[in-house]
Amino acid sequence: MNIAIGSDHAGYRYKELIKSHLQTAGHVVKDFGTNSPEAVDYPLYIRPAAEAVASGECERGIVLGGSGNGEAIVANRVKGVRCALCWNLESAKLGRQHNNANVISIGERMVTEQMALDIVDTWLATPFEGGRHQRRIDLIDAV
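**Concerning the sheet that holds strand 3 (residues 60–65)**
Okay, step 1: Pairing in this open sheet of five strands is parallel, and the strands run 2-1-3-5-4 from one edge to the other. At either margin of the open sheet sits one strand with a lone partner, and together these are strand 2 (28–31) and strand 4 (83–85). Taken pair by pair, the neighbouring strands of this sheet meet at an average axis angle of 25°, ignoring direction.
Okay, step 2: Pairing analysis gives three bridges linking strand 4 to strand 5 (residues 103–107), with the strands arranged parallel. Along strand 5, the bridge assignment pairs alanine 84 with isoleucine 104.
Okay, step 3: Strands in contact with helix 3 (residues 69–76) are strand 3, strand 4 and strand 5; relative to strand 4, the strand with the most contacts, it is inclined by about 165°.

So this is what it looks like as structure tokens:
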């Protein structure tokens, strides 16, 4: 799978960890930065990652920051992106099953390294249920 990834300085360490994890699993990862823990303005890195998913260049996307909140907000401003803020396995699973989330946001300050990796794996492995949820996705995308 082609996966976009982007972070600010507060999510940089987990971005690098997740990128390596995904590549080891055989995924192609397009890294939109940042490329160091130096302070940056997160929209400059998150928006291009989200746009890569919306355009079809990448099938999914992962954005990271300190809390993940700002990154989720930026990603969700891009038409065609449904970004779920994930803080545990259940939020990752339901983000896919019910919301067909094509992007997730993770806060480095909010979860452990192992939980971040488990969130990513759960989200990637969980299918969208469709059915009644598709009707709601259609309503979201109609806006």
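**Quick look at the pattern of salt bridges**
Okay, step 1: Applying the stated criterion to the full structure yields eight salt bridges.
Okay, step 2: The partner of glutamate 16 in a salt bridge is lysine 15, with the nearest N and O atoms 2.6 Å apart.
Okay, step 3: A relative accessible area of 27% places glutamate 16 in the partly exposed class.
Okay, step 4: One connected set of salt bridges, linked through shared partners, spans Lys15, Glu16, Lys19 and Asp31.

**Topic: the pairing of strand 3**
Okay, step 1: With respect to burial, strand 3 is a largely interior element, six of its six residues being buried.
Okay, step 2: Side chains of strand 3 alternate between two faces, with Arg60, Ile62 and Leu64 and Gly61, Val63 and Gly65 buried alike.
Okay, step 3: As defined by bridge partners, strand 1 (residues 2–7) adjoins strand 3 across five bridges and the pair is classed as parallel. The residue bridging glycine 6 from the neighbouring strand is valine 63, located in strand 3.
Okay, step 4: Sheet topology places strand 3 next to strand 5; five bridges connect them, and they run parallel. Across the sheet, residue valine 63 finds its bridge partner in strand 5, namely serine 105.

**Regarding the environment of cysteine 83**
Okay, step 1: Following the sequence through the fold, cysteine 83 ends up in strand 4.
Okay, step 2: Residue classification places cysteine 83 among the buried positions, given a relative accessible area of 10%.
Okay, step 3: Each C-alpha atom of the pair cysteine 83 and alanine 101 lies 5.5 Å from the other, and the pair is 18 residues apart in sequence.
Okay, step 4: Dropping the residues within four chain positions of it, cysteine 83 is found in contact with Val63, Ala72, Ala75, Asn76, Val103, Ile104 and Ser105.

What counts, and where the lines are drawn
Residues numbered from 1 in each chain as written. Predicted model: local features only at pLDDT ≥ 70, side-chain atom pairs only at ≥ 80, totals over all residues. Heavy atoms only, no water. Pairing = 2+ DSSP bridges. Helix = DSSP H or I, 4+ residues; strand = E, 2+ residues; numbered from the N terminus. Axes fitted to C-alpha atoms, helices over the stretch in contact; angles between N-to-C directions. Contact = heavy atoms within 4.5 Å. Salt bridge = Lys/Arg side-chain N within 4 Å of Asp/Glu carboxyl O. Buried < 20%, exposed > 50% of the residue type's maximum accessible area, 1.4 Å probe, protein only.

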